[in-house]
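Coordinates in review
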Protein chains: 2
Amino acid sequence: MGAAADPPQTPGKTPGTTPDGSAPGGRPGRMRADALRNRRLILDAARDVFIEAGPDAPLDEIARRAGVGIATLYRRFPDRDALIRGVVMHTFTVLSDTVQAVREEAADPFDALRRFMHVALDEKIGAAMPALVGRVVFDDELDNARRGLGSPIEELLRDAQAAGLVRPDVAFGDITLMVIRLCRPLPAVAKLLVDDRLAHRQLDIYLDGLRSDGTPARHSLPPPLVTLADFDRIRAELHAAHEDENGSAPG
Amino acid sequence: MGAAADPPQTPGKTPGTTPDGSAPGGRPGRMRADALRNRRLILDAARDVFIEAGPDAPLDEIARRAGVGIATLYRRFPDRDALIRGVVMHTFTVLSDTVQAVREEAADPFDALRRFMHVALDEKIGAAMPALVGRVVFDDELDNARRGLGSPIEELLRDAQAAGLVRPDVAFGDITLMVIRLCRPLPAVAKLLVDDRLAHRQLDIYLDGLRSDGTPARHSLPPPLVTLADFDRIRAELHAAHEDENGSAPG
DNA sequence: AGTTAGTGGAGAGAATCTCTCCGCTTCTGC
DNA sequence: GCAGAAGCGGAGAGATTCTCTCCACTAACT
């Protein structure tokens, strides 16, 4: 912990606030206590709703679930992209801190990976994903946060593999994309069969599959082996496409 | 196969057709070849769209993806429920046949389970789920189909456990609900990182977690242990609720 | 080749969603 | 406490999307 950058909330001066006081990008400059609390409620609700209904989910629903008026949501986040960006930043921040914490607390590299995945599941890292690619324009801040989360995760995995605790033929995508799958609520049935705990249970089973116990090779996994570099590549391609579309070269 | 009941298409007499020729519930009585083909295209498209966007997905989109006019969809399935019901029936039927086939082809009970899960993934069993509970009114036909699929699956699992090939503390829900999770396309990223193959890959990892190799207990799984009986119970409760709501006792 | 089941698409009406405006409430500094 | 300002909720206009029908045309069976 410690390096969290989410709600700066400098309680003395407020150097970062824009002169017009508009708090760009939904970031809290210096806000009243209730406003700050509502901002958090909105982010939490948005995270849940985006996961359930996708990034095009109605904003009304988010406000309703957060227990605030729709005007409050629009005041804090001027448009949908600002809100998505807020959710993504928050998720990235929390999980970056988690990687750090998990390394210190864990008994061994496998345990670290295991703990991280469980926390990521609770924090619904999935919410970051849909936005991660293709939805939100990545400025430097967001891109740094992304990179700052991806690399440590890959490192976590590599350490566990180096220690011989995780099978060597799995990769970044096998970790993250499974947690994202587990994040999503099961349709309908889910709510009646206690969803959250089931996801953790299934994660435990999956973790056993990741493990390399004594047996040397078991059997080989089919492609694709998805690495962090693959994500970076995709991100870059999308970014380029976006630039093309409405960016640099004006007719 | 052989016991398939999906498109009867008796090429001689057509005893099941309703006198008014309306083909109730979207079932094909005796149709022209192109109509039958379109019906199938619609079902496939509907399955995909329901999985991606949930059971409230716009019907326009389904028609578009099936490559037919919207009128064609409405002619075949008078309303949304009829369409959902059609998708569910089709999925149940295909998978019931699969259980049978898999038993015969498989090398051992674990292999049978493994094969079944992969086919279920390809057939997008997930499409059946959202409807399974809470969306569609279950008549006897649908309920029989459901039961006719659930029991064989549970049996498949029990056999593999009896043979000592699958850890004894997993249950029905650990099989089916994971396949359902894997069915759903990952948001955004997915399409760019070859989704379908990744799901099969992750399923293989999960299967390794289900396996009980030499080690006697590994570690215990957290609750909930979800059985087929749990599904039945939920289904019954929802059915009762539905009856209450607009059924027998008119205020 | 004639008959008829089947087809696509435009469009009316309904439902939903976005986003702003304005009067009221709650915090904060004194 | 009190004044002032920051924040709040919700109604509602306008735009968008979705449902479902009608009708002129096409292609499959006999």
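Reading guide: rules and limits
- Residues numbered from 1 in each chain as written.
- Chains lettered and ligands numbered in written order.
- Predicted model: local features only at pLDDT ≥ 70, side-chain atom pairs only at ≥ 80, totals over all residues.
- Heavy atoms only, no water.
- Contact = heavy atoms within 4.5 Å.
- Buried area = accessible area lost by both parts, 1.4 Å probe.
- Salt bridge = Lys/Arg side-chain N within 4 Å of Asp/Glu carboxyl O.
- Polar contact = N/O pair within 3.5 Å; in protein donor to acceptor, adjacent residues only side chain to side chain.
- Helix = DSSP H or I, 4+ residues; strand = E, 2+ residues; numbered from the N terminus.
- Near = heavy atom within 4 Å.
- Expected span 1.5 Å × (residues − 1).
- Buried < 20%, exposed > 50% of the residue type's maximum accessible area, 1.4 Å probe, protein only.

Side note on the interface of chain A and chain B
Facing 48 residues of chain A, the contacting portion of chain B comprises 48 residues. For chain A, the biggest contributors to the area lost against chain B are Arg 181, Arg 201 and Ile 205 of chain A; these three give 19% of the whole. The interface formed by chain A and chain B contains four salt bridges. We note a salt bridge from Asp 208 of chain A to Arg 167 of chain B, for which the minimum N-O separation is 2.7 Å. The tally of links between chain A and chain B comes to 16 residue pairs in polar contact (both at pLDDT 80 or more). Elements that contribute at least two residues to the side of chain A that touches chain B include exactly helix 6 (128-132), helix 8 (172-183), helix 9 (189-192), helix 10 (195-210) and helix 11 (228-246) of chain A.

Some remarks on the protein's contact with DNA strand C
The immediate surroundings of DNA strand C are formed by 23 residues, with Arg 32, Asn 38, Ala 71, Thr 72 and Arg 75 of chain B found nearest. A breakdown of the atoms of DNA strand C within 4 Å of the protein gives sugar and phosphate a share of 61%. At a separation of 3.0 Å, a phosphate oxygen of DNA strand C approaches a polar backbone atom of Leu 59 of chain A. Interatomic distance of 3.0 Å between a side-chain N/O atom of Arg 75 of chain B and a phosphate oxygen of DNA strand C.

Details of helix 10 of chain A
End to end, helix 10 of chain A covers 23 Å across 16 residues, agreeing with the expected 22 Å (1.5 Å per residue, within 8%). The element helix 10 of chain A is extensively covered by neighbouring structure, given that 14 of its 16 residues are classed as buried.

Comments concerning the pattern of salt bridges
Per the stated rule, a full pass over the model turns up 48 salt bridges over all chains. The salt bridge partner of Arg 103 of chain A is Asp 159 of chain A, with a shortest N-O separation of 3.1 Å. In this pair, Arg 103 of chain A sits in helix 4 (residues 80-105) while Asp 159 of chain A sits in helix 7 (residues 140-162), placing the two residues 56 residues apart along the sequence. As a salt-bridge pair, Asp 139 of chain B and Arg 85 of chain B come within 2.8 Å of each other at their nearest N and O atoms. With Asp 139 of chain B in the loop between helix 6 (128-132) and helix 7 (140-162) and Arg 85 of chain B in helix 4 (residues 80-105), the pair connects residues that are 54 residues apart, well separated along the chain. Several salt bridges share partner residues, and in doing so they unite Asp 143, Arg 146, Arg 147, Asp 232 and Arg 235 of chain A into one network.

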